Amino acid sequence: MIKKKIFVTGGSGFLGRHLITKLSKNHIVYAPDSKSINLLNYKDLLKVKNKFDEIYHLAAWTQAGDFCLKYPGDQWIKNQIMNSNILMWWKEKNPNAKLIFIGTSCCYDEKGKFLEKNYLLDKPHQSLMTYAMTKKMLLQGAISLEKQYKMKWLCVVPSTLYGPNYHDDNRQQHFIFDLIKKILLAKYKGTKVKLWGNGLQKRELIHVEDFINNLVKINNKVKNDLVNIGAGSSYSIKYFAKIICEIVNYDFKKIEYDRNKYVGVLNKKISIEKVSNIIPKYKKNLIPIKKGIKQTISWYEKKFY
C-alpha cells in the first residue's frame, strides 16, 4: 500500500476522530484544529506548506435539532466562506490532490427517492434549506474546478452516523444520541423522557465504522462522482426508543411525546443502489442496528455512569 499524505478538516468532530484513527494506520495524516487553522481565514490555510495526496473536508458549521432554524444567516455565511476557502486552497496549492468531502441527505426532497442524480436538482425541506444549499454549492464548486482544471474529487452522502466516542459538550445531539441520553438519565436519575414530535418520523442510521470502511473502499474505486453511504432501512423514532429501552431495561410506556416541537423531515432513507453496485455484499456486511446501538449505549454508560 502506498503511504499517502492526507489533510483533514473537522478532525476534532465525531466523524473526524474515527476517520483519523483509520487513516493513520497506513498514511501520514495532518489534521489541525480550528485554533491553529481557522478555515474562515484563507491566510491560515496558506500557513500549510506541505503538499498532499488527498484532502478530506469534513468541517461544517452546523448542529443537529433546530439549529438550522435558529442560525440560517450565520450558517450560510460561515459554511460558504469555509467551503470556498478550501476549494481555492485546493486549486491554488494542492491541484494534484483528490478532494473528498461530505454531502448531506438534507439536499434531497423528503418525498423523493434520495437518488444521487437528484442531489443538485431536489428541493430541500424548508427548515434545512440553508445548510443543504451550502452543500449543493460545495459540490458544484468541485464539479466546476474539475471541468476547468481537470481536478479529482469525491462526494459521499451519509445517513445519520452513530457509534461510540460521540461529542459530550453542549452542542445539540443527533437524534439517536439524544434518545440514549434521555433514556439513561431517566433510568439512573429518575427524570422524564420527553421526545420531540409524535415518534412516527423515520430516520436511518449507519455505524460510523461502516461509513468509514466503505468510504475508503469507494475512494479507491471512484472519482468525480457522488455516492450515498446509507443502511438501506429507516425506522421510526419510537422503534429506536423501544430498542434502547429493551437494552437498558427501562419501561418504554413511560416515554412522553411533545407534538409541538420541531421534527424536521418525516422520513429519511437514502438510496444504496449505487454503492451496492460498487461494493459487493455491501448491505450484508453492515453492523446490525441492534448490535450497533447496544455498543453505543455501552460506551455512553461507561463514560457517564
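Predicted model only: the values in this text are computed from it and were never measured.

Cut-offs used in this document
- Residues numbered from 1 in each chain as written.
- Predicted model: local features only at pLDDT ≥ 70, side-chain atom pairs only at ≥ 80, totals over all residues.
- Heavy atoms only, no water.
- Helix = DSSP H or I, 4+ residues; strand = E, 2+ residues; numbered from the N terminus.
- Expected span 1.5 Å × (residues − 1).
- Buried < 20%, exposed > 50% of the residue type's maximum accessible area, 1.4 Å probe, protein only.
- Contact = heavy atoms within 4.5 Å.
- Core = buried A, V, L, I, M, F, W, Y, C linked by side-chain atoms within 4.5 Å.
- Axes fitted to C-alpha atoms, helices over the stretch in contact; angles between N-to-C directions.
- Parallel < 35°, antiparallel > 145°, perpendicular 65-115°, else oblique.
- Left-handed = near helix turned anticlockwise from the far one by under 90°.
- Nonpolar A, V, L, I, M, F, W, Y, C, P; charged D, E, K, R; others polar.
- Phe/Tyr/Trp six-rings, centres within 6.5 Å; stacked < 30°, edge-to-face > 60°.
- 1 Å grid on protein atoms, 1.4 Å probe; cavity = no way out; pocket = protein on both sides within 12 Å on 5 of 7 lines; lining within 4 Å.
- Points joined across faces, edges and corners; volume = space filled by probe spheres on them.
- Polar contact = N/O pair within 3.5 Å; in protein donor to acceptor, adjacent residues only side chain to side chain.
- Pairing = 2+ DSSP bridges.
- Right-handed = clockwise from strand over helix to strand, strands pointing away.
- Salt bridge = Lys/Arg side-chain N within 4 Å of Asp/Glu carboxyl O.

Student: Is there a simple way to explain helix α8 (residues 237–248) in this structure?
Tutor: Every α-helical turn comprises 3.6 residues, leaving residues that sit three or four positions apart pointing alike. Spanning 12 residues, α8 covers 17 Å between terminal C-alpha atoms, matching the ideal 16 Å at 1.5 Å per step. Of all the residues in α8, the buried ones are Ile237, Phe240, Ala241, Ile243, Ile244, Cys245 and Val248. Buried positions along α8 lie against α6 (175–189), β7 (194–196), β8 (202–203), β9 (205–207), β11 (235–236) and α10 (289–304). Just downstream of α8, Asn249 is the residue with a positive phi angle, here 65°.

Student: Just checking my understanding: could you explain the nonpolar core for this structure?
Tutor: In terms of nonpolar packing, the biggest core is built from 58 residues, with Ile176 and Phe211 touching the most fellow members. Top element by residues in this core is α6. It accounts for 8 residues. Apart from residues no more than four positions distant in its own chain, Ile176 is found in contact with Tyr162, Leu205, Phe240, Ile244 and Ile293. Counting residues in hydrophobic clusters, the runner-up holds 38 residues, among them Leu99, Tyr131, Ile143 and Val265.

Student: Could you clarify how one ought to interpret the packing of α6 against α8 in this entry?
Tutor: Across the interface, α6 lies against α8 with an axial gap of 10 Å and an inter-helix angle of 40°. Between α6 and α8, the crossing angle belongs to the class labelled oblique. Like other packed secondary-structure pairs, α6 and α8 cross with a definite hand, here right-handed. Together, Phe175, Ile176, Leu179, Ile180, Ile183, Leu184 and Lys187 of α6 and Ile237, Phe240, Ala241, Ile244, Cys245 and Val248 of α8 make up the contact between the two elements. Of the residues assigned to the contact of α6 with α8, the class counts are 12 nonpolar, no polar and 1 charged.

Student: Just checking my understanding: could you explain the packing of aromatic side chains for this structure?
Tutor: Each pair of aromatic rings is reported with the distance of its centres and the angle of its planes. For the structure shown, the criterion picks out 22 aromatic pairs. For the ring pair Phe14 and Phe177, a centre distance of 5.7 Å and an interplane angle of 80° mean the geometry is edge-to-face. Residue Phe14 is located in helix α1 (residues 14–23), and its partner Phe177 is located in helix α6; the two are separated by 163 residues in the primary sequence. Here Phe14 falls in the buried class, since its relative accessible area comes to 9%. With a relative accessible area of 0%, Phe177 lands in the buried category.

Student: What's the story with the layout of surface pockets in this structure? I'm lost.
Tutor: Gaps between atoms show up when a probe of the same size as a water molecule is rolled over them. By volume, the second largest pocket amounts to about 220 Å³. Met1, Asn26, His27, Val216 and Asn220 are, among the 14 residues lining the second largest pocket, the residues nearest its centre. Of all the elements in the fold, those that place two or more residues in the lining of the second largest pocket are α1, β3 (54–57) and α7 (208–221). With 3 residues, the single largest contributor to the lining of the second largest pocket is α7. For the lining of the second largest pocket, the class distribution of residues is 6 nonpolar, 4 polar and 4 charged.

Student: I keep staring at the environment of Lys4 and nothing clicks. Help me out?
Tutor: Structurally, Lys4 is set in the segment before β1 (5–9). Judged by relative accessible area, Lys4 falls into the partly exposed class, the value being 21%. As a C-alpha pair, Lys4 and Phe52 span 48 residues in sequence and 7.6 Å in three-dimensional space. Contact partners of Lys4, with chain neighbours within four places excluded, come to His27, Ile28, Asp53, Glu54, Asn219 and Asn220. A distance of 2.8 Å separates a polar atom in the side chain of Lys4 from a polar atom in the side chain of Glu54.

Student: Mind showing me how you'd approach the pairing of strand β5 (residues 152–158) here?
Tutor: Side chains on a regular strand alternate between the two faces of the sheet. By the criterion of burial, β5 is predominantly enclosed, with 6 of the 7 residues buried. As judged from the 5 bridges shared by strand β4 (residues 98–102) and β5, these two strands associate in the parallel manner. By the bridge assignment for β5, Lys98 is matched with Lys152. Read as a crossover between parallel neighbours, the route from β4 over helix α5 (residues 129–149) to β5 is right-handed. One ladder, built from 5 bridges, connects β5 with strand β10 (residues 225–229); its direction is parallel. What sits directly across from Val157, in β10, is Asn228.

Student: Even after reading the chapter, I still don't get the pattern of salt bridges, so can you show me in this structure?
Tutor: Applying the stated rule across the entire model yields 5 salt bridges. Asp44 is the salt-bridge partner of Lys47, the closest N and O atoms lying 3.3 Å from each other. We note a salt bridge from Asp178 to Lys182, for which the minimum N-O separation is 3.2 Å. Of this pair, Asp178 and Lys182 both sit in helix α6, separated by 4 residues, roughly a single helical turn.

Student: Hey, could you run me through empty space enclosed by the protein in this one?
Tutor: Under the counting rule described, the total for this entry stands at 1 cavity of 30 Å³ or more. For the largest cavity, the full set of lining residues is Ser105, Ser159, Thr160, Arg203, Glu204, Lys268, Lys269 and Ile270. Here the lining of the largest cavity is built from residues that sort into 1 nonpolar, 3 polar and 4 charged.

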